[in-house]
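These are the residues of each chain, in order.
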Amino acid sequence: MRTTCILLFGLCLSALAESQYAFTNLAGLPGGPGSADGSLAVARFRGPYDLTADSQGNIYVADRLNSLIRKISPAGLVTTVAGVAGQSGTNDGPAALARFSEPSGVVADAEGNLYVADNYNHTIRRISVAGTVTTLAGAPEVQDDTDGHGSQARFSYPSSLAFGPDGHLYVTDSYNHRIRRVTLQGMVTTFAGSSRGSADGPALEAQFRSPDGLAFDAVGNLVVADTGNHTLRRISLAGQVTTLAGSAGLTGAADGTGENARFNGPTRLALDGTDLYVTDAFNHSLRRVTSAGEVSTVAGQPGVSGYVDGPAAAALFDGPNGILHMANGEVLVSEWSGHFIRKLSTNGQVSTFAGLPAGAGFANGTGTEARFQDPSGVWVSNTGGVTVVDRTHTLRHITASGVTTTLAGAAWLGGTNDGVGPAARFRVPVALAGSPDGTLFVADQNNHVIRKVAPDLTVATLAGGHGVAGAVDATGLAARFRSPMGVLFAPDGLLYVADTGNHTLRKIGADGQVTTLAGLSGSQGSKDGFASAARFRGPRGLAWDREGFLYVADTENHTIRRVATNGNVTTWAGKAGEPGATDGFVSAARFNRPTGIAVDTAGNVFIADRNNHLIRMIDTNWMVTTIGGSAGREGGVDGVGSAALFSNPEGIAVDAQGSLYIADTGNHRVVHGTLPLAGGELSFANAVGMTRVTEGVFRTWLQGASGSTVAVEASADLNQWTNLQNVVLTADGVEVAVPTYNTPSLFLRARVVP
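In this text the structure is predicted, and so the values were computed from the model without any measurement.

Asker: Is there a simple way to think about the environment of Thr231 in this case?
Answerer: With respect to the helices and strands, the residue Thr231 is situated in strand S21 (residues 231-235). The sequence separation of Thr231 and Thr251 amounts to 20 residues, and the corresponding C-alpha distance is 9.0 Å. Among all residues touching Thr231, those that are not within four sequence positions of it are Val224, Ala225, Asp226, Thr243, Ala245, Gly246, Ser247, Ala248 and Pro266.

This is the structure we're talking about:
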């Protein structure tokens, strides 16, 4: 077999040496939506909407906005049962290949099969114990109210499911304002409801308004959370519909009996013996309803939203939705807007059970005491620490020890005022850059201007007209921008601007003259070429290398572009219109809305790959590798390499020592990335005779810090890596010998194991 060679060091193999970055939280409190599996504290959800349990004690979650079905084991491990985070669709098949579209209900049968109300697909799906997904009833993406078998039946946003005493499934068909019955063979009939309204009476004559949750009581009556009517309805064994509690069309939070009680968007139900628990979504509380219709509030403060654990009466919820009464008497509640799951214990204490509450907000302080709101730009300060902009309309400074203070602007007060420090106003500053003398430049997105912040914190408008979008080249305030989202002060003394809304690159001279460097205002595209012949699509991050190239994160094209000193624009990494997460040579690599970009003193390029939740690096050999995060896994976890998790990182900066600073936007925090071992740089020897292939064995000499444990890994495609061996380096290094197995291509890499 003929060997195809990738030449590096003059041999038929490629060898890479790397130390992995360790990522730790510098400031802010990670939390909020995500898709990470793991322990209860590590796992993340996005709009968890419904909860159920099987006979083995596993808990299942309809993770609606992730379009996933998740499982929480009795040991507290969260895993994904079916679907792929963020990828909606209609595919049946093996669980990992199946797709859902905002599943809103899930229930388990006695054998452990799962049934799913696939809300936006208007179907009922089944996940077998073996992990195969099939469509039981309904036609994907087709709405109607037709009864029938399997794909002949129609639903309109089916929401919740429950098994009846007869073994059939009962489904709230929300937009048809009906309750449907589905046999396990897929036969669908209308059980109750006729049209939108609130009438009681015989089941098929009664009316509902956007019914949601449902549960069978202890004697077999079906209770329905009639959400749009703000009532609980009961369908008797004789087929009569009555109002159990609440009064149609009247909202409120009053406890009481029957029509004297009030709800505000009752959503889901769970049976506790003869009583029902109800999530009263817009009252942000949990209610209990007896079989006689007596309503009481058991947790939360009606009408007050928030996130507070503690005694039930003092606890705060924010839009509670799914609810599950456990065998041990505890109650679990999923919070749609908070993206986590709470627990009400039998002692009346509310605690966070799974997921992480969002740490968004505004507060100065040390480490996790600080709060940010969607930080997007980060810059390494000349005096130490980093400067950050976020959506509180402020500039903040974080010291090396994690102490956060406000430099300029006032929290939540958007405006246009120039002034000193807190007297100045911004309106969604999204990016910043600094000059050697300590002056900062800010892309003030919603004001459509570029601001200048002097070392004494005097804020002045450098270019553009406040609140006036446009595309005018001119001097200073006469110039016009449209939602600028990237800025860079370059060694040539010019200020470069990613004029995102105009899809152009602009530059500002020392005299304040604004000119268009590349692209054509209002004309999107991905074409390479000189100056105005080139096209961009939503460019954001900017960086400069030692050779004078300007790098551009062309966000909506999913590419990294490079602008030469003569104005020639080329696509350097990724491919326009093809999002992905592939590592490899720049032309083969793929990105998904890359946003931030930075270059270190050695010429390595670092990228905040926003929608992949990754930190990527392009080395001086033009190879793209993932150095932080795991593709498609959204979370907020510190760790080394792929063990770290991010949520939509947008900003990135690198200091003179090679440390990274990341605006982890979705986690509302700033992350510090460092190489674990000082002086621990790895290298494969390239001296003659030290790297060679003899008798089918590739031999090379690996050098680095003495005592370092190094993992040697192999790959055929730069994507999947297999560990070959772990070695401990001596002062002289160590020889690595790897059989080539007559492979067409083989890449080796070494990385420090912390």
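Asker: Quick question: what am I supposed to make of the sheet that holds strand S57 (residues 639-640) here?
Answerer: Sheet strands pair by backbone hydrogen bonding; their relative direction is either parallel or antiparallel. Read across the sheet, five strands follow the order S57-S2-S60-S59-S58 without closing on themselves; strand pairing throughout is antiparallel. Edge positions in the sheet fall to S57 and strand S58 (651-654), since each has one partner strand and no second. In terms of strand pairing, S58 meets strand S59 (residues 660-664) through four bridges, oriented antiparallel. By the bridge assignment for S59, Val654 is matched with Leu660.

Asker: So what exactly am I meant to see when it comes to the side chain of Asn66 here?
Answerer: With respect to the helices and strands, the residue Asn66 is situated in the loop between strand S5 (59-63) and strand S6 (68-72). Classification of Asn66 by relative accessible area gives buried; the value is 2%. In contact with Asn66, other than residues within four places in its own chain, are Gly34, Ser35, Phe45, Arg46, Val84, Ala85 and Gly86.

Asker: Would you take a moment to explain the pairing of strand S16 (residues 178-182) for this structure?
Answerer: For a regular strand, the rule is simple: side chains alternate between the two faces of the sheet. Within S16, four of the five residues are buried, which leaves the element mostly enclosed by the surrounding structure. The pairing of strand S15 (residues 169-173) with S16 spans five bridges and is classified as antiparallel. Paired with Thr172 across the bridge in S16 is Ile179. Hairpin remark: S16 followed by strand S17 (residues 187-192), antiparallel, with four residues in the connecting loop; positive phi at Gly186, about 95°.

Asker: What am I meant to see in the pattern of salt bridges here?
Answerer: It is possible for side chains bearing opposite charge to pair when their charged atoms get close. Counted by the stated rule, this structure contains 37 salt bridges. Within this structure, Asp37, Asp63 and Arg70 form a network of salt bridges that share partners.

Asker: For this particular structure, what's the right way to read the nonpolar core?
Answerer: Buried together is how nonpolar side chains tend to be arranged in soluble globular proteins. Ranked by internal contacts, the top residues of the largest apolar core, which has 17 residues, are Val430, Ile450, Phe481, Val487, Leu495, Ile508 and Val514. At the level of elements, strand S39 (429-434), strand S40 (440-444) and strand S44 (495-499) are the ones that each hand at least two residues to this core. The greatest single-element share of this core, amounting to three residues, is contributed by S39. When residues no more than four places from it in sequence are discounted, the contact partners of Val430 are Ser376, Gly377, Val389, Ala443, Gln445, Pro484 and Met485.

Asker: Would you explain the sheet that holds strand S3 (residues 38-39) in this entry?
Answerer: Reading across the sheet, the five strands line up as S3-S7-S6-S5-S4 and stay open at both edges, with antiparallel pairing between neighbours. A strand with exactly one partner marks an edge of an open sheet, and here the two such strands are S3 and strand S4 (48-53). As defined by bridge partners, S3 adjoins strand S7 (residues 77-82) across two bridges and the pair is classed as antiparallel. Bridge pairing links Ser39 to Leu77 in S7.

Asker: What am I meant to see in the pairing of strand S35 (residues 386-390) here?
Answerer: Here S35 lies mainly inside the structure; five of its five residues are buried. Direction of pairing for strand S34 (residues 377-380) relative to S35: antiparallel, over a ladder of four bridges. Bridge pairing in S35 places Val378 opposite Val388. Once S34 ends, the chain turns through five residues before running back antiparallel as S35, passing Gly384 with a positive phi of about 105°. In this sheet, strand S36 (residues 394-398) lies alongside S35 in antiparallel orientation, the contact comprising five bridges. Bridge pairing in S36 links Val388 to Arg396. Taking the residues between adjacent antiparallel strands as the criterion, S35 and S36 are bridged by three residues, where His393 takes a positive phi near 70°.

Procedures and definitions
Residues numbered from 1 in each chain as written. Predicted model: local features only at pLDDT ≥ 70, side-chain atom pairs only at ≥ 80, totals over all residues. Heavy atoms only, no water. Helix = DSSP H or I, 4+ residues; strand = E, 2+ residues; numbered from the N terminus. Contact = heavy atoms within 4.5 Å. Pairing = 2+ DSSP bridges. Buried < 20%, exposed > 50% of the residue type's maximum accessible area, 1.4 Å probe, protein only. Salt bridge = Lys/Arg side-chain N within 4 Å of Asp/Glu carboxyl O. Core = buried A, V, L, I, M, F, W, Y, C linked by side-chain atoms within 4.5 Å.

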